[in-house]
Amino acid sequence: MLLQLLTIAWISIASNFGTFENIKLTGKVTEPQYNLIKISYKDLTGKQIIDSCFVIKNSFHFALPIKDITEIELTSISNNDRLLKSDKFIFWIEPVNTTLDIEGNDPLSLKINKEKTIIDESNIQARKSLLRKKISQDNTNLGKLSAKLKEVTSTTQKRIISKEITELEKKIIETKIKEAEFDIQYIKANPSSFANINLFYERAYKRPEYPSIEVLCTLFETMSIMVKKSPEGRLLKERLDIIANSQVGKKSSPISFKDFTDQKEIQTEFFLGKKMVLIDFWASWCIPCREDFPTLKEIYKEYQSMGLEIISISTDTDTMAYRQAIKKDGIDIWKNGLITDKIRSTFNIPALPIKYLINKEGYIIGRWRGGGKENLHDLRTLLSKTLNQ
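An account of the accompanying structure is given in this report. (Residues numbered from 1 in each chain as written. Predicted model: local features only at pLDDT ≥ 70, side-chain atom pairs only at ≥ 80, totals over all residues. Heavy atoms only, no water.)

**Concerning the sheet that holds strand 7 (residues 98-102)**
Okay, step 1: Read from one edge to the other, the open sheet built from four strands follows the order 4-1-7-8, with strand pairing classed as mixed. If you trace the sheet from one side to the other, it starts and ends with strand 4 (59-64) and strand 8 (110-112), each paired once. Averaged over all neighbouring strand pairs, the angle between strand axes comes to 20°, with direction disregarded.
Okay, step 2: Pairing of strand 1 (residues 23-29) with strand 4, which is carried by six bridges, proceeds in the antiparallel orientation. Counterpart to Ile 23 in the pairing with strand 4 is Leu 64.
Okay, step 3: Across the sheet, helix 2 (residues 114-127) is in contact with strand 1, strand 7 and strand 8; its angle to strand 8 comes to roughly 65°. (Pairing = 2+ DSSP bridges. Helix = DSSP H or I, 4+ residues; strand = E, 2+ residues; numbered from the N terminus. Axes fitted to C-alpha atoms, helices over the stretch in contact; angles between N-to-C directions. Contact = heavy atoms within 4.5 Å.)

**So, the pattern of salt bridges**
Okay, step 1: For the structure on display, the rule yields 23 salt bridges.
Okay, step 2: The salt bridge partner of Lys 228 is Glu 221, with a shortest N-O separation of 3.4 Å.
Okay, step 3: Since its relative accessible area comes to 44%, Glu 221 is described here as partly exposed.
Okay, step 4: A salt bridge links Lys 355 to Asp 292, with the nearest nitrogen and oxygen atoms 2.8 Å apart. With a gap of 63 residues between them, Lys 355 in strand 14 (residues 354-358) and Asp 292 in the loop between helix 9 (287-291) and helix 10 (293-303) connect regions that are remote in the sequence.
Okay, step 5: Among the residues examined, Asp 292 registers a relative accessible area of 3% and is labelled buried.
Okay, step 6: What emerges from the salt-bridge pattern is a single network uniting Lys 128, Arg 132, Glu 179, Asp 183, Glu 202, Arg 203 and Lys 206. (Salt bridge = Lys/Arg side-chain N within 4 Å of Asp/Glu carboxyl O. Buried < 20%, exposed > 50% of the residue type's maximum accessible area, 1.4 Å probe, protein only.)

**Details of the nonpolar core**
Okay, step 1: Residues Phe 60, Leu 64, Leu 74 and Phe 200 are the most contacted members of the largest nonpolar core, which totals 45 residues.
Okay, step 2: Non-local contacts of Phe 200, meaning those with residues more than four positions away in its chain, are made with Ile 187, Leu 216, Leu 219, Phe 220, Met 223, Leu 236 and Leu 240.
Okay, step 3: Within the second largest apolar cluster, 42 residues are counted, among which are Phe 260, Trp 282, Ile 313 and Leu 383. (Core = buried A, V, L, I, M, F, W, Y, C linked by side-chain atoms within 4.5 Å.)

**Let's talk about the side chain of Thr 98**
Okay, step 1: Take Thr 98: it is sitting in strand 7.
Okay, step 2: Residue Thr 98 is classed as buried on the basis of its relative accessible area of 0%.
Okay, step 3: In this view, Thr 98 contacts Lys 24, Leu 25, Thr 26, Ile 93, Ile 112 and Asn 113; residues no more than four positions away in its chain are not counted.

**Here's the deal with the sheet that holds strand 12 (residues 308-314)**
Okay, step 1: As summarised here, the arrangement of the five strands in space is 13-12-11-14-15, forming an open sheet in which the pairing is mixed. Looking at strand neighbours, the two that pair on one side only are strand 13 (335-338) and strand 15 (364-369), the edges of this open sheet. When the angles between neighbouring strand axes are averaged without regard to direction, this sheet yields 15°.
Okay, step 2: Bridge count for strand 12 against strand 13 is four bridges, and the pairing is parallel. Opposite Ile 311, over in strand 13, you have Lys 335 as the bridge partner.
Okay, step 3: Contacts from helix 10 reach strand 11 (276-282), strand 12 and strand 14, with the element oriented near 150° to strand 12.
Okay, step 4: Contacts from helix 11 (residues 319-329) reach strand 11, strand 12 and strand 13 within the one sheet, and its direction differs from that of strand 13 by about 165°.

Right under this line is the structure:
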């Protein structure tokens, strides 16, 4: 059957084009069971072209007569134990020599121009090494100052050290912004580099959140189609959309979960028009998350009668630890649930804890990343301003 597939798929295509040089599409597979690689694409006239080749020593080679960005559908076929199996990958390539690494059978296991990407990433890290070294050193000094602040008893000394900490924190942020600006310029200058994927993730999830998600989404559209339409590029676009839709001012999509107390399904749609909802993402192992709970309980008692509902969503995989933490910290006074894939695709959760405040109309009016007194103070201030109107 494999030979029949090869015979049917092998089509002579050179006569359909001029004398321009074909581009090379070469690849490696880590799955030894793959015997045949089949590709299909459309030529300049819109005609569907099918080609195939055997996998020899885990490698395959094609010569493609393409002159423009082209969508490729690649099927890897195995014929082990007389069972025909195939895995499909869809991607785009530019009219330049391209390499593929197929490291598994899911879409994200396809790596385009992997060796070049490794070189690009190495060059990026080398060029950012001085900035990274400065950030590391400043963070070390910040830790020393924080430890010193706990040791001193003099009010004057505390004030001096606190000022030094504030100034050093500003310097760290300034250096991180310089790093972010380097990343932005690199992406603009190298729209076809797959190293951009990691740069986007760094800018989207690292603190400070700079540049804005709107800028990142616009920047994403400037990348080459080969990068944007790759499996990694499509996943990145999904992530950027989740972040964009989780910003203050956006209408929140409804979520549902099983309540900790009685396992009944809770839907946030139920609270529309009735309650203001604070969604708190946490985990039993997250110390800053649990340190926020005493103040959150005070806030809940203060504002519950005024229309506040709290929902704690845990990212725990250890359900026993999750249940024990709820009981120990006494947060079973409000609704609790475990995270689901739908919730992950609705809210951006770059770190824990993270809180979203949603008004009665379903719009996100507050978002706080990280724990601590400052964020909780801002939350309380916003609640007082909105619920006392």
